[in-house]
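Analysis of the macromolecular model
The lines below spell out each chain.
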Amino acid sequence: MNVKIYLSSKLVEHCTFCQLFGVIEVQRDEIRFVVLDSKLLPGTYLIGEICSEADYRRLHQDIGPTGSGGGLPRDLQGENFLRLSISDRGRIRHVTTKVKGVTIETLNKVLIIYDEQGFSNLAENQQQLQLDENDNDLLHLARLIKSSKPQNNSALRDLLGYASDCRMASVLCLLMKPVMLILKVFLRKTALFYHFSEWYSSIRNKSSDGVKWALIFDIGLGLIVLSLVLYFGNPGVHFMQCAELVVHYLRELLQTLRGSPIGLKLNAPLNDFFLECFLYLVNLWWTFLIIVSPAIRFLFIPLSVLGLFGLSFQLAMLSDLIILISLHAHCFYIYAAVLYRIEIGGIRALCRIVLGRKKNVLRDRVESHEYMNRQLFLATSAFAMLLFLLPTILVYYIVFATLRFGIYCVSFTLMTIRRIILQFPFAGMIRWMRGVYSSLDSMEIYNIGSQAKENITIIYIAPRSSSSFWGEVNWSDSPNGKDSRQDGVPNGNSISLRTISIGQFFVSLVRGEMVPFIQPDESVHRRME
């Protein structure tokens, strides 16, 4: 069995003779004496003492070879105990460990003198302490130091605790519950509702310090946007001008498809039919924008006021406004995608007939099959017709799929910025700017020396300020795809952030797959459902 002794460096530097408080952990192949302070802290108890060389010799003689524990306090006789002796210059002379009432001098003892301030800074790194690293003694030491420290009074935590315990808050929550259920029915498919769920889960999973800095930066950026709106005026006018400009260029693009654009041999009757249908739908879209233009401009006022809650809420509502005015574009894509899927599916099925094969639906495989001549004649004729109609359908599908892809990219970008704001470690950035951000990558370890007579190895460990805090940022999706919300409200666990990326969405468009959701946030909850 080995013995590891963790001793705070301030106890050695002050050269004081005192009692040692901490915890003792008995493992299968080692025993750990973790000394946290010279005074009683929460979760600690008396585990040893530091004495002078003269007192050490006297107490060591009182213990005797039988290990009766005569030099120990009466309430600690028969328990694990640690005794160290230091000189007037702060040098450690002797280390004795008493294990289960017997003083054992032949054990290999490792005395680890740790920098308390460095490990306290390391304990503030919530991302590393939450990792499941049971075999990492240094992280375990940081957890013990953090748990023994008294909790600092947080004004934000006290305010939230008072608000939650207040009877008036309970009455208001009870009265607002029917209203929230009604809003949930109408707003359940909006990015604002999805973002509130993720924001609520993120706030509950962070520490009080992380919540404080995250809210400060989020609300600060939102107030900046609100100030710009108040200074420059309502941006809804420019927003609607950009939307009308997109519709105008789409109408011009459709007009250029008449005849044989850029040498494409399009089917004239089918091309004229598509032009009439889609131009009519685009004109309806134009009329819709004119009708809702005053309402969209008015909605930018509550969007700006949402800056009081944070920039992320403003981006969520902006994403909803973009989806609202581009709803017709999603319908255009659905119409073109249905034609494209019918075209591609028909050509694929007729191609198998020409090759003398068929698909066995029951066994889900393609098998050889002998067709009659009239079947081959009809299949060849239909294959030729679909093949000549393919360029016309493909051109219109590319136009509306590109429009749908552009809108998805804008919505995906806004969603990514929102989630960056939720996941960004602002507290870690502030600690890094103050020079107190510590991590396991910047650990200084010195071998001070050893004493062969008592089998003692002395090591000094001190976490230092890291050169970067980016290791704390976790941009990956949640490993599990389960939804932690209950009835639309998170239960405190981190929800899954899996979504369809831009590349996956582009591949879906190339394959002609029907994309049922309108915004990226909806794809997350569709997967979880």
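Not measured: the values here are computed from a predicted model.

1. Comments concerning a nonpolar patch on the surface
A grouping of Leu223, Phe298, Ile301, Val305, Leu308 and Phe309 is seen on the molecular surface, where their side chains present a nonpolar patch of about 570 Å² in accessible area. The element contributing the most residues to the nonpolar patch is helix H11 (residues 268–305), with three residues. With respect to the element layout, Leu223 can be found in helix H9 (residues 208–232). According to the relative accessible area criterion, Leu223 is partly exposed, its value standing at 35%.

2. Focus on helix H15 (residues 426–434)
Residues separated by three or four positions in an α-helix point in the same direction, a consequence of the helix having 3.6 residues per turn. Those residues of H15 lying buried are Phe426, Ala427, Gly428, Met429, Ile430 and Arg431. Looking at the buried side of H15, the elements it contacts are H9 and helix H14 (373–423). Looking one or two places after H15, you find Gly435, whose phi comes out positive at around 80°.

3. What to know about the packing of aromatic side chains
Per the stated rule, a full pass over the model turns up 23 aromatic pairs. Ring geometry for Trp199 and Phe313: centres 5.5 Å apart, planes at 70°, overall edge-to-face. Separated by 114 residues along the polypeptide, Trp199 in helix H8 (residues 191–205) and Phe313 in helix H12 (residues 311–325) bring together distant segments of the chain. Here Trp285 and Phe332 contribute two aromatic rings whose centre-to-centre distance is 5.8 Å and whose plane-to-plane angle is 75°, an arrangement assigned as edge-to-face. Of this pair, Trp285 sits in helix H11 while Phe332 sits in helix H13 (residues 327–354), and the two are 47 residues apart along the sequence. Classification of Trp285 as buried rests on a relative accessible area of 4%.

Rules used throughout
- Residues numbered from 1 in each chain as written.
- Predicted model: local features only at pLDDT ≥ 70, side-chain atom pairs only at ≥ 80, totals over all residues.
- Heavy atoms only, no water.
- Patch = residues over 30% accessible without salt bridge, like charges linked within 9 Å, V, L, I, M, F, W, Y side chains within 5 Å.
- Areas by Shrake-Rupley, 256 points an atom, 1.4 Å probe, with all protein chains shown as cover.
- Salt bridge = Lys/Arg side-chain N within 4 Å of Asp/Glu carboxyl O.
- Helix = DSSP H or I, 4+ residues; strand = E, 2+ residues; numbered from the N terminus.
- Buried < 20%, exposed > 50% of the residue type's maximum accessible area, 1.4 Å probe, protein only.
- Contact = heavy atoms within 4.5 Å.
- Phe/Tyr/Trp six-rings, centres within 6.5 Å; stacked < 30°, edge-to-face > 60°.

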